Amino acid sequence: MEAFIEIIKLVIPAALVLYAMYLTFKSFLNKDLEKKMLEIRSGHTATVLPIRLQAYERICLLLERISPQNLIVRLNTGKYTAQEFQQIMLHDIREEFNHNVSQQVYMSDEAWSMVNGAREELVLAINDAASKVNPDSSSLDLAKVLIETMMAKNIDPIANALKTVKDEIREVF
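Residues numbered from 1 in each chain as written. Predicted model: local features only at pLDDT ≥ 70, side-chain atom pairs only at ≥ 80, totals over all residues. Heavy atoms only, no water.

A.B. asks: It is not clear to me how the overall build of the protein should be interpreted in this structure. Could you clarify?
C.D. replies: When its secondary structure is counted, the protein shows 6 helices and 0 strands. Along the chain direction, N to C, the helices and strands of the protein fall in the order α-α-α-α-α-α. Expected size for 173 residues packed as a compact globule is a radius of gyration near 16 Å; at 32 Å, the protein overshoots this value by more than 25%. Along the first, second and third principal axes, the C-alpha atoms of the protein reach 115 × 25 × 25 Å. Expressed as a percentage of its 173 residues, the buried residues of the protein come to 30%. Considering only contacts in the protein between residues 6 or more positions apart, those separated by 24 or more positions represent 74%. Of the roughly 11600 Å² that the protein leaves accessible, carbon and sulfur atoms contribute 61%. (Helix = DSSP H or I, 4+ residues; strand = E, 2+ residues; numbered from the N terminus. Rg over C-alpha atoms; globule rule 2.2 N^0.38 Å. Buried < 20%, exposed > 50% of the residue type's maximum accessible area, 1.4 Å probe, protein only. Contact = heavy atoms within 4.5 Å. Areas by Shrake-Rupley, 256 points an atom, 1.4 Å probe, with all protein chains shown as cover.)

A.B. asks: Honestly, the packing of aromatic side chains in this entry has me stumped. Any pointers?
C.D. replies: For any pair of aromatic rings, the description rests on two quantities: the centre-to-centre distance and the angle between the ring planes. Under the counting rule described, the total for this entry stands at 2 aromatic pairs. Across from the ring centre of Phe-97, 4.0 Å away, lies the NZ or CZ of Arg-119, which sits over that ring. (Phe/Tyr/Trp six-rings, centres within 6.5 Å; stacked < 30°, edge-to-face > 60°. Lys NZ or Arg CZ within 6 Å of the ring centre and 35° of its normal.)

A.B. asks: Please clarify how the packing of helix α4 (residues 109-132) against helix α5 (residues 139-153) should be interpreted in this entry.
C.D. replies: The relative placement of two packed helices is expressed as an angle between their axes plus a distance between the axes. Between α4 and α5, the least distance of the axes is 9 Å, while the angle of their chain directions is 125 degrees. In this view, α4 runs oblique relative to α5, as classed from their interaxial angle. Note on packing geometry: the crossing formed by α4 with α5 is right-handed. Of the residues in α5, those in contact with Glu-121, Ala-125, Ile-126, Asp-128, Ala-129, Ala-130 and Lys-132 of α4 are Leu-142, Val-145, Leu-146, Thr-149, Met-150 and Lys-153. The class makeup of the residues in the contact of α4 with α5 is 8 nonpolar, 1 polar and 4 charged. (Axes fitted to C-alpha atoms, helices over the stretch in contact; angles between N-to-C directions. Parallel < 35°, antiparallel > 145°, perpendicular 65-115°, else oblique. Left-handed = near helix turned anticlockwise from the far one by under 90°. Nonpolar A, V, L, I, M, F, W, Y, C, P; charged D, E, K, R; others polar.)

A.B. asks: Even after reading the chapter, I still don't get the pattern of salt bridges, so can you show me in this structure?
C.D. replies: Pairing between side chains becomes possible if they bear opposite charge and their charged atoms approach one another. For the structure shown, the criterion picks out 8 salt bridges. With a closest N to O distance of 3.6 Å, Glu-6 and Lys-9 form a salt bridge. Here Glu-6 and its partner Lys-9 are both found in helix α1 (residues 2-66), 3 residues apart, which amounts to about one turn of the helix. One salt bridge in this structure joins Arg-65 and Glu-96, with 2.5 Å as the shortest N-O distance. (Salt bridge = Lys/Arg side-chain N within 4 Å of Asp/Glu carboxyl O.)

A.B. asks: It is not clear to me how the environment of Ala-159 should be interpreted in this structure. Could you clarify?
C.D. replies: On the secondary structure map, Ala-159 appears in helix α6 (residues 157-172). When the C-alpha positions of Ala-159 and Glu-64 are compared, they lie 8.7 Å apart, and in sequence the two are 95 residues distant.

A.B. asks: Would you take a moment to explain helix α2 (residues 68-75) for this structure?
C.D. replies: Every buried residue belonging to α2 is among Pro-68, Leu-71, Ile-72 and Leu-75, and all of these are buried. In a view along the axis of α2, the buried residues occupy a sector of 95 degrees, so they form one face of it. (Arc of directions from axis to C-beta.)

A.B. asks: Could you clarify how one ought to interpret a nonpolar patch on the surface in this entry?
C.D. replies: Side chains of Met-1, Phe-4, Ile-5, Ile-8, Ile-12 and Leu-16 sit close together on the surface and give an oily, nonpolar patch of about 640 Å² of accessible area. Within the secondary structure, Ile-12 sits in helix α1. (Patch = residues over 30% accessible without salt bridge, like charges linked within 9 Å, V, L, I, M, F, W, Y side chains within 5 Å.)

A.B. asks: Just checking my understanding: could you explain unusual backbone geometry for this structure?
C.D. replies: The phi torsion at Asn-154 lies on the positive side, around 60 degrees, for a residue other than glycine. Assignment of secondary structure puts Asn-154 in the loop between α5 and α6. Of the residues examined, Asn-154 reaches a relative accessible area of 69% and is grouped as exposed.

The following block contains the structure:
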């Protein structure tokens, strides 16, 4: 029996020391893992942040390019009929949007919804203005009706989307 007690006197302290070493080693590994994860996250941030900023810049540029005023100035040469000009504007909006559609990955769902909604509102406004003029009228007549239609709404969806995107940029950066 005395031998058993002597063995227990040796085994219990050894087990406690072994358990303490296990806890110390586990703590060390956890801290090292956290440090590595932090390094990885900061590396991702350094890579993704500039890409996100570029995405926001491209969306702002998209919104500026498809605003009715800029569309009219950029695309209207004065030699188109209203119907041709309507198709040219719709084609340009579609091309600009399709060129930048991948940028939604870097934006919040709310901001992307605003951008997409602004595009849809603009397409509706162009189609509405085109329905109010004779298809053989000049592109200037369509442009005038489009501007009047947008002003009558008292809400500029392009400006609202641009504000949402800029606000989101300010939150991120």
